[in-house]
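Residue-level structure breakdown
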Amino acid sequence: MCGIIGIIGIQDVSDRLVDGLKRLEYRGYDSAGIATLVDSGIDRRRAEGKLVNLENVLSDSPLAGITGIGHTRWATHGVPSENNAHPHMTDETAIVHNGIIENFQELRDELAKKGRTFDSDTDTEVVAHLVHAYLDEGLSPEEAVAKMLPKVEGAFAFVMIFRGQHDLMIGARRGSPLAIGYGEGEMYFGSDAMALAPLTRKICYMEEGDWAVLTREGAKVMDTAGNVVDRPVVQTAVSGAVIGKGNYRHFMLKEIYEQPTVIGDTLSTMLHPAQQTITLPDLPVDLKDVPKVTINACGTAFYAGMVTKYWLEQLARVPVEVDMASEFRYRNPPLPKDGLAMFVSQSGETMDTLEALRLCKREGQHILSVLNMPESTMDRESDAVLMTHAGPEIGVASTKAFTTQLTVLACFAIGMAKARGHLTREREAQLASALAEVPGRVAEILNHDDHIAEIAQKVAEARDVLYLGRGPSFPIALEGALKLKEISYIHAEGYASGEMKHGPIALLDEDVPVVVIAPSDELYEKTASNVQEAIARGAKVIFISDKEGIEKMKRHSNPMATIELPKVDPFVAPILYTIPVQLLSYHTAVLKGTDVDQPRNLAKSVTVE
Ligand code: F6R
């Protein structure tokens, strides 16, 4: 992961480097640093932890210079510390790097034999020393980088500056994203358009294997073979505006509360409420003929894929396989001719999902992605994209991105069912009207916030929490558990309700809250029986259902708490039942005093394997 930025400016760059890093902090926040060219050489400031620590260092000890690079880190090699913070440098060059140099140990040993000494435990520092060694041989910076590139293995992006070379910056991309920005007499590198948007709208997205030499005059881009290539410069639509929290205490809470609006915005791209129809955009594949759908994603987006499997199998009667991208890409799966491969990703940059996409492309699958970030790598590499309209999601824990993914995928399932002749006009109208009601229903559920905050007090005392659900509620149980784990650091697991008796039931006692997702659908009775089994063993159940479901449950036993949701068509229940589990995790994390928006060890965009 990590975020990188570089500026060849016409005035001091340190403030703008830090501003760029603020926009990249979602990529990692273990440490941050900047380096600039100063008269006598290269100087840098670094700090462990959040960017604010670097800002404090810079206010005590400002850094001048009109050419510089910056980095916000998600640690891979070497603990998060000031010493391991980027930029890494020698007397001759400084580097910021995103990704992993796989053969760094071998290179480091070779360089050490030649007398080079290292200050950090990182893989990155090796590249600085290797280039320095080539500069010592009398090569120019461009020649030294050209000689270094074939020697390093792995997936990475980096930017380098060189002592005394105030009009030069070199960057390379292999596996991790890197973009070039064109300013007025200035040039920039950035991990994405988001970092560069306040500086320029003119962006060139480097392609796999590209490397580029920047001067104030412009950029010379080369491919892996060293041939100079022309890459298009586009006008980015990404906004340079600063995104604030408004009156909310955390971005996560703001984003939870934005859901009625963003789900509505997303629906409006495919749903016609008056006609009660769903219309998919033109796709470069005939959905009627697709033999199989393969869905790949990671984390929360993977759970959106899991829900989609239930929807597509039930409505469109198409075989669906859904996989974690990190597993899929290494198991050499057989893929049918003309199969449809779908990818779900908020960022459009997640390395595992992207590599699964590339694998499916090589295997001749039709590539359809559900993304939130326009101009992301997956957007550029897919045959077709269905966009969620969640807007920028800043909280590291995904909330509105997930529910808008479900919204798009629900529409897609209806569209595919129609295309395959499996949906009556009447059922389409029912489903469309159920979807049209979702924004209003989500707003209703948000009114339960105070009640859920009270229930969170019990959850905050627990060491372990179980989440149960059946059918499409099972992925929501998994999502609830993931959300609780990642922001409150309480151990939580999601299980298919029917699986509990095959093992997890051994965990149950009065100290383990069990959160049950149980809309009144055709599986309700089965889930209810599993809940009775849990209550019979002293478990403290938090039962989430509609009025009818809660009344039925209370006839037999007494859950510790209930959360009553509106009665809806079971088809849309996964979207609605996500809201209480988001709020439950949020309030639990606030009670635990964790860093809700930037939980430890995580990053928003996971661009390493
Ligand atoms: C959890 C979370 C992650 C992401 C996952 C995939 O709250 O945010 O599990 O869902 O890293 O990220 P994207 O959707 O950007 O591919």
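Calculation notes
- Residues numbered from 1 in each chain as written.
- Predicted model: local features only at pLDDT ≥ 70, side-chain atom pairs only at ≥ 80, totals over all residues.
- Heavy atoms only, no water.
- Phe/Tyr/Trp six-rings, centres within 6.5 Å; stacked < 30°, edge-to-face > 60°.
- Buried < 20%, exposed > 50% of the residue type's maximum accessible area, 1.4 Å probe, protein only.
- Helix = DSSP H or I, 4+ residues; strand = E, 2+ residues; numbered from the N terminus.
- Lys NZ or Arg CZ within 6 Å of the ring centre and 35° of its normal.
- Core = buried A, V, L, I, M, F, W, Y, C linked by side-chain atoms within 4.5 Å.
- Contact = heavy atoms within 4.5 Å.
- Near = heavy atom within 4 Å.
- Polar contact = N/O pair within 3.5 Å; in protein donor to acceptor, adjacent residues only side chain to side chain.
- Areas by Shrake-Rupley, 256 points an atom, 1.4 Å probe, with all protein chains shown as cover.
- UniProt positions renumbered as here; feature names shortened; annotations may be inferred.

**Comments concerning the packing of aromatic side chains**
The tally for this structure, following the rule as stated, stands at five aromatic pairs. When the ring of Tyr 248 is compared with that of Tyr 257, the centres are 5.7 Å apart and the planes differ by 35°; the resulting orientation is tilted. Look at Tyr 248 and you get partly exposed, because its relative accessible area is 32%. Ring geometry for Tyr 524 against Phe 543: centres 6.4 Å apart, planes inclined by 75°, an arrangement best described as edge-to-face. Taken as a pair, Tyr 524 in helix α17 (residues 524-536) and Phe 543 in strand β26 (residues 540-546) lie far apart in primary sequence, 19 residues in all. Given a relative accessible area of 2%, Tyr 524 falls into the buried group. Under the relative-accessibility criterion, Phe 543 is labelled buried at 0%. In this structure, Lys 50 packs its charged tip against the face of Tyr 29, placed 5.2 Å from the ring centre.

**Observations concerning the nonpolar core**
In this structure, Val 293, Leu 312, Phe 412, Leu 435 and Tyr 467 are the most contacted members of the largest nonpolar core, which totals 93 residues. Looking at this core element by element, the count peaks at 11 residues for helix α13 (residues 400-419). Contact partners of Leu 312, with chain neighbours within four places excluded, come to Val 293, Ile 295, Arg 317, Val 318, Val 320, Phe 412, Ala 413 and Met 416. Counting residues in hydrophobic clusters, the runner-up holds 29 residues, among them Val 127, Val 131, Ala 133 and Phe 156.

**Brief notes about the site of the ligand**
Near the ligand, the surroundings consist of 14 residues, among which Ser 345, Gln 346, Ser 347, Thr 350 and Glu 486 are the closest. Backbone polar atom of Thr 300 to an oxygen atom of the ligand: 3.1 Å apart, as the coordinates give it. Between the ligand and the protein, one listed contact pairs an oxygen atom with a side-chain N or O atom of Lys 483 at 2.8 Å. When the ligand is considered free in solution it has 400 Å² of accessible area, and contact with the protein chains removes 89% of it.

**Topic: the UniProt feature "domain: SIS" (unreviewed entry) in the chain**
The feature "domain: SIS" (unreviewed entry), as annotated in UniProt, sits at residues 283-422 and 455-599 in this numbering. Taken end to end, residues 283-422 is 42% helix and 19% strand, and its two terminal C-alpha atoms sit 19 Å from one another. Helix and strand shares over residues 455-599 are 46% and 20% respectively, and the end C-alpha atoms of the span are 22 Å apart.

**With respect to the side chain of Thr 200**
For Thr 200, the location among the structural elements is in the loop between α6 (193-196) and β11 (202-205). When its relative accessible area of 9% is taken as the criterion, Thr 200 is described as buried. Sequence-distant contacts of Thr 200, that is, excluding residues within four places in its chain, are made with Gly 181, Tyr 182, Gly 183, Tyr 188 and Thr 236.

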